[in-house]
Each structure stands twice: as structure tokens, then as C-alpha cells.
Amino acid sequence: MPSFNQSIFHPTVFFLTGIPGFEIYHAWVFILFCCLYVIAISGNGMILFVIITESSLHEPVYYFLSMLSFMDLGLCLSTLVTMMGIFWFNVREISFDACIGQMFFIHGFTLMESSVLLAMAFDRYIAICNPLRYATILTNSRIIKVGFAIVVRVTTVVVPLLLLLKRLSFCGSHVLHHSYCFHPDVMKLSCTDTKINSAFGLAIVISTAALDSVLILLSYVPIINSVLSIASPEERKKAFGTCVSHISAVAIFYIPMISLSLVHRFGKHAPPLVHTLIANIYLLIPPVMNPIIYSVKTKQIQKAMVKVALSKII
């Protein structure tokens, strides 16, 4: 087996990793990943379609849900080619420029999803704690401004992060631990000083995803107080039920993200298989689970999907 080092290969070529130790089963893994991608793309695509076509879903909460589905679609499509190439065709090479491009979309859509989850928490806060002003606060123009602000916020941090990465030199091993390009993974392969990159990357995580998660938790303090103050048990259950989908989406997004960050920060001696499995869970579980959660827990989405399906059959 050839050694992946600078003397043999061009220094701007990286090699992605499948599942270490399970190379002979990559064809079966390909089938599994195909199923997950089909579920994620079709599920999120369906949610986007019904929200756009059904006028009854033209409300702030569903606009934010459509943003979430769009982010999940983008995240899936940004890794589809490399993942399928590795597990079906054993194509592991990726150029440095292509790697940079993939990281832009992966980290961009991930941070945008975090921002959208925060916006959805604000939506639940207004709907439960200040319902009489819901329609006047969350107008269509303000929702558009929120969407634009999310794009600007993420772009202004991701672009400098990747520009800093481009200034690094790479030597020695060019083998990445994941099936796609991930900033901490690529940065570790550099043979130059990465203190600035590491500090800036940590600052981005703290000022975006970490801050968003704290604000989401804080938003649920008044939400829970308002729900518990409702006298009727049925109304209390109904009010809390509107938050269950969002809480589930927050959990399946942040738990894999935190796990992957901890592995990269403190799991230097962890087996490669651990890095790969957590990275794939982080990438695929939220896009797969979000449409399932919202289609099961949200009756309006269920009815819209059934209506669309029946209209196609008839």
C-alpha cells in the first residue's frame, strides 16, 4: 500500500477516509448511506414543497421550518458526491480547493442551522409568552430580514476561517479522518503554526453555535414558566406540545456537534473509527430526523403532506 506523503503526492491533495477496519463492507455501507440520503433529501424536499405550495402553512413558524429544511438539504448535497465516491467507487482523493469549497458549505449550513434553531426558539417564546403580539412582531418582512441576517452572520465568519486555512502549508500525511472535509481535521495536517486558526475557530464556535445554544436554553425558562402557569391541563399539554418538535431538533443537532467537537479537542488518542462514526452521525442524523420529527409531531404538516399525496394520486 503506498504511503501518503509529500514526496509522492502533490501537497494540495487530501485523502478522505471511509470506515476504518470495515473496508470490505463499504458496498453495504454505501446502501445504508444511500437510504439515509434518500430519506433526508426526500423528507426535507417534501417539507419545503408543502410549505411553499400550501397557503395554510404561510406562517412564521413554518417559514422557519422551511429554512431548517433548506439547511439540511444543503448539508446533505454538499457531501453526497464524496461520500458516495468513497463507499462505492473507492475514490478518496480530493483537491485542496475542492476541500475548501466543501468546508464552506458544510460549516456554513451547520452554523446557519444553529441560527435558525435560535430563531425558532424566539418564535416559540413569542407564541407562548406574548401571543397577542405574535402577528405584529413576526411579520413577513422581519422574517426575511432574519433570514438575510443569518446568511450574513455565517458568511462573515466562515470565509475568514477558510482564508486563514489557505495560508497554511501541508506536509507529511494527507489522510483525513472523515468522509468529508472538516476544518479541525484539515488543520491538524498542517506542518506550520496553527494557533491563530485554532483560536479563531474556537472563537467562531463560541460566538455562534455555543451562544445560540445558551440563548435557546434561556428562552425556554420563560416558556416553561408560562406553560406551567396555564390552569387547564389540556391547554398546558397543547402549549408544551408545540415546543416538543423544536426541543427534539435542538437535541439531535447539538448533541452530535458537541460530541464531534470534544473528540477533536480531547480525543487525540481515540481510535479512528470513533472519529469517523461521530462525524457521520453529526452529518446525517439531523437531516434525516428533522423531517421525521416535524411530520410526526406537527398535525398541520401531516395534513398538508396527505393533501399533496392525494392530489398526485387523484
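Residues numbered from 1 in each chain as written. Predicted model: local features only at pLDDT ≥ 70, side-chain atom pairs only at ≥ 80, totals over all residues. Heavy atoms only, no water.

As annotated in an unreviewed UniProt entry, the protein chain is Olfactory receptor from Bison bison bison. Per its UniProt entry, the protein chain bears the Function (unreviewed entry) comment "Putative odorant or sperm cell receptor." Regarding the protein chain, the relevant UniProt record gives this comment under Sequence similarities (unreviewed entry): "Belongs to the G-protein coupled receptor 1 family." (UniProt positions renumbered as here; feature names shortened; annotations may be inferred.)

## Comments concerning the packing of aromatic side chains
Counted under the stated rule, the structure contains twelve aromatic pairs. Centroid distance F14 to F170: 5.3 Å. Interplanar angle 90 degrees. Geometry classified as edge-to-face. With a gap of 156 residues between them, F14 in strand 1 (residues 13-15) and F170 in the loop between helix 5 (140-166) and helix 6 (183-187) connect regions that are remote in the sequence. Judged on exposure class, the residue F14 and its partner F170 are both buried. Summarising the aromatic geometry, the rings of F104 and F105 are spaced 5.3 Å apart at their centres and angled 80 degrees between planes, so their arrangement reads as edge-to-face. Owing to a relative accessible area of 42%, F105 belongs among the partly exposed residues under this scheme. Through pairs of rings, three or more aromatic residues link up here, namely F70, F104, F105 and F109. (Phe/Tyr/Trp six-rings, centres within 6.5 Å; stacked < 30°, edge-to-face > 60°. Helix = DSSP H or I, 4+ residues; strand = E, 2+ residues; numbered from the N terminus. Buried < 20%, exposed > 50% of the residue type's maximum accessible area, 1.4 Å probe, protein only.)

## Notes on the UniProt feature "transmembrane region" (unreviewed entry) in the protein chain
Under the UniProt annotation, the feature "transmembrane region" (unreviewed entry) is placed at residues 25-51, 63-88, 100-122, 143-165, 196-218, 239-257 and 277-296. Structurally, residues 25-51 is divided into 96% helix and 0% strand, and its ends, taken at the C-alpha atoms, are 39 Å apart. Counting secondary structure, residues 239-257 comes out at 100% helix and 0% strand; the distance between its end C-alpha atoms is 29 Å.

## Side note on the state of the cysteines
In total, this model carries one disulfide according to the counting rule given. One disulfide bridge connects C99 with C181, the sulfur atoms lying 1.9 Å from each other. Disulfide C99 to C181: torsion about the S-S bond roughly -120 degrees, handedness left-handed. Separated by 82 residues along the polypeptide, C99 in helix 3 (residues 96-129) and C181 in the loop between helix 5 and helix 6 bring together distant segments of the chain. Taken as a pair, C99 and C181 share a single burial class, namely buried. Its sulfur unpaired, C35 is 6.9 Å from the next cysteine sulfur, which belongs to C34. (Disulfide = S-S within 2.5 Å.)

## Looking at a nonpolar patch on the surface
Together, F22, I24, Y25, W28 and I31 make up an exposed nonpolar region whose accessible area comes to about 600 Å². Considering the arrangement of structural elements, one finds I24 in the loop between strand 1 and helix 1 (26-53). A residue is classified by how much of its surface remains accessible, and I24, at 70% relative accessible area, is exposed. (Patch = residues over 30% accessible without salt bridge, like charges linked within 9 Å, V, L, I, M, F, W, Y side chains within 5 Å. Areas by Shrake-Rupley, 256 points an atom, 1.4 Å probe, with all protein chains shown as cover. Salt bridge = Lys/Arg side-chain N within 4 Å of Asp/Glu carboxyl O.)

## Re the packing of helix 1 against helix 2 (residues 60-89)
Relative orientation of the contacting elements helix 1 and helix 2 amounts to 155 degrees, with a least axis distance of 9 Å. The angle between helix 1 and helix 2 places the two elements in the roughly antiparallel class. In the crossing of helix 1 with helix 2, the sense of the turn from one axis to the other is left-handed. (Axes fitted to C-alpha atoms, helices over the stretch in contact; angles between N-to-C directions. Parallel < 35°, antiparallel > 145°, perpendicular 65-115°, else oblique. Left-handed = near helix turned anticlockwise from the far one by under 90°.)

## Focus on the environment of A127
Structurally, the position occupied by A127 is in helix 3. For the pair A127 and I255, spaced 128 residues apart in sequence, the C-alpha to C-alpha distance is 26 Å.

## Description of the UniProt feature "domain: G-protein coupled receptors family 1 profile" (unreviewed entry) in the protein chain
Mapped onto the present numbering, the UniProt feature "domain: G-protein coupled receptors family 1 profile" (unreviewed entry) falls at residues 43-294. Structurally, residues 43-294 is divided into 80% helix and 1% strand, and its ends, taken at the C-alpha atoms, are 10 Å apart.

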